[in-house]
Amino acid sequence: MLTNIKIFSSFWLLICLYLVIPIFIDSISVPSWIYYFDENIPFVPIMIIPYYFYYFIIILPPLIWESELKIRHITSILNMITLVCYSIFIFWPIDASYVLNQVYFDQSSFISYLHNLITYDYLYQNAFPSMHVAVATFLCLSYYHDFTKFRWISLMVSLLIFLATFFIKQHYFIDSAAGLFLGLLGFYYYVIKTRSCN
């Protein structure tokens, strides 16, 4: 397990750069076609809870996969997904203020506290694609593929994270859809890479 944790830690370190990019890269105005769907999507505060599932599922891989080879494949694919997202964040850092400004709470609550924990004044970019969705989709489908007892849980968690990203106004719908596509591509590559492991 320790070896797998060491291998997977490269992904944990890489995702920390998410918070650094906006320090050096200014956001740009969002094109109107990006938020076309978002005008009709309500803010659903309770969806902050499944949004946090993400932080749980990115801890699990080195703890539950025993195969070092599979952990290496999972880590390399997650790192590729992350680097693709970062490349886009750097060259097309669209501003997420349009959706973030739709967030409202009638009163202070545990739900509003959870939402405030993930909202930073300087982090109004890194929107497209949703790395949250891309990583969650890839990992949940990988769990689905390798741990058959938990297939429906994996799919449900993936769906809830996808929905949460735009229902709590952390992302435009288009961001989440692009993240979903990127996660699916990563999973397709994982299936090809691990055929010889089964």
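Attention here is on the structure that accompanies the text. What you see is a predicted model, and the numbers here were worked out from it, not measured in a lab.

### What to know about the overall build of the protein
Broken down by element type, the protein carries ten helices and zero strands. Mapped from its N terminus to its C terminus, the protein presents α and β elements in the order α-α-α-α-α-α-α-α-α-α. In terms of overall size, the protein behaves like a compact globule, its C-alpha atoms giving a radius of gyration of 17 Å where 198 residues would be expected to give roughly 16 Å. Here the C-alpha coordinates of the protein stretch approximately 50 × 35 × 30 Å along the principal axes. Counting across all 198 residues of the protein, residues that qualify as buried make up 49%. At a minimum sequence separation of 6, the contacts of the protein that also span at least 24 residues come to 91%. About 10200 Å² of surface is accessible on the protein, with carbon and sulfur atoms providing 67% of the total. Counting 8 positive and 10 negative side-chain charges, the protein places the averaged centre of each group 21 Å from the other.

### Topic: the nonpolar core
In terms of nonpolar packing, the biggest core is built from 35 residues, with Ile57, Val135, Phe138 and Leu139 touching the most fellow members. Going through the elements one at a time, helix 1 (2-16), helix 3 (48-57), helix 5 (68-91), helix 8 (131-146), helix 9 (151-167) and helix 10 (173-194) are the ones with two or more residues in this core. Of the residues forming this core, the biggest block, nine residues, is contributed by helix 8. Counting twelve residues, the second-largest nonpolar core is a separate cluster that includes Tyr35, Ile94, Ala96 and Ala178.

### What to know about the environment of Leu139
Within the secondary structure, Leu139 is located in helix 8. Once the C-alpha coordinates of Leu139 and Ile57 are considered, the two residues, 82 residues apart in sequence, prove to be 7.4 Å apart. Sequence-distant contacts of Leu139, defined by excluding residues within four places in its chain, comprise Ile57, Ile58, Pro61, Ile74 and Leu78.

### A few points about the packing of aromatic side chains
In this structure the tally under the stated criterion is 20 aromatic pairs. With centroids separated by 5.2 Å and ring planes inclined at 20°, the aromatic side chains of Trp65 and Tyr143 adopt a geometry described as stacked. Remark: Tyr143 occurs in helix 8 and Trp65 occurs in the loop between helix 4 (61-64) and helix 5; sequence separation between them is 78 residues. Aromatic pair Phe162 and Phe166: ring centres 5.3 Å apart, planes at 80°, arrangement edge-to-face. With a gap of four residues between them, Phe162 and Phe166 both fall in helix 9, about one helical turn apart. For the pair formed by Phe162 and Phe166, the shared burial category is buried. Connected via pairs of aromatic rings, a cluster forms that spans Tyr36, Phe37, Phe162, Phe166, Phe167 and Phe173. In this structure, Arg151 is placed above the aromatic ring of Tyr144, and the distance from its NZ or CZ to the ring centre is 4.5 Å.

Conventions we followed
Residues numbered from 1 in each chain as written. Predicted model: local features only at pLDDT ≥ 70, side-chain atom pairs only at ≥ 80, totals over all residues. Heavy atoms only, no water. Helix = DSSP H or I, 4+ residues; strand = E, 2+ residues; numbered from the N terminus. Rg over C-alpha atoms; globule rule 2.2 N^0.38 Å. Buried < 20%, exposed > 50% of the residue type's maximum accessible area, 1.4 Å probe, protein only. Contact = heavy atoms within 4.5 Å. Areas by Shrake-Rupley, 256 points an atom, 1.4 Å probe, with all protein chains shown as cover. Lys, Arg positive; Asp, Glu negative; His and termini not counted. Charge placed at Lys NZ, Arg CZ, Asp CG, Glu CD. Core = buried A, V, L, I, M, F, W, Y, C linked by side-chain atoms within 4.5 Å. Phe/Tyr/Trp six-rings, centres within 6.5 Å; stacked < 30°, edge-to-face > 60°. Lys NZ or Arg CZ within 6 Å of the ring centre and 35° of its normal.

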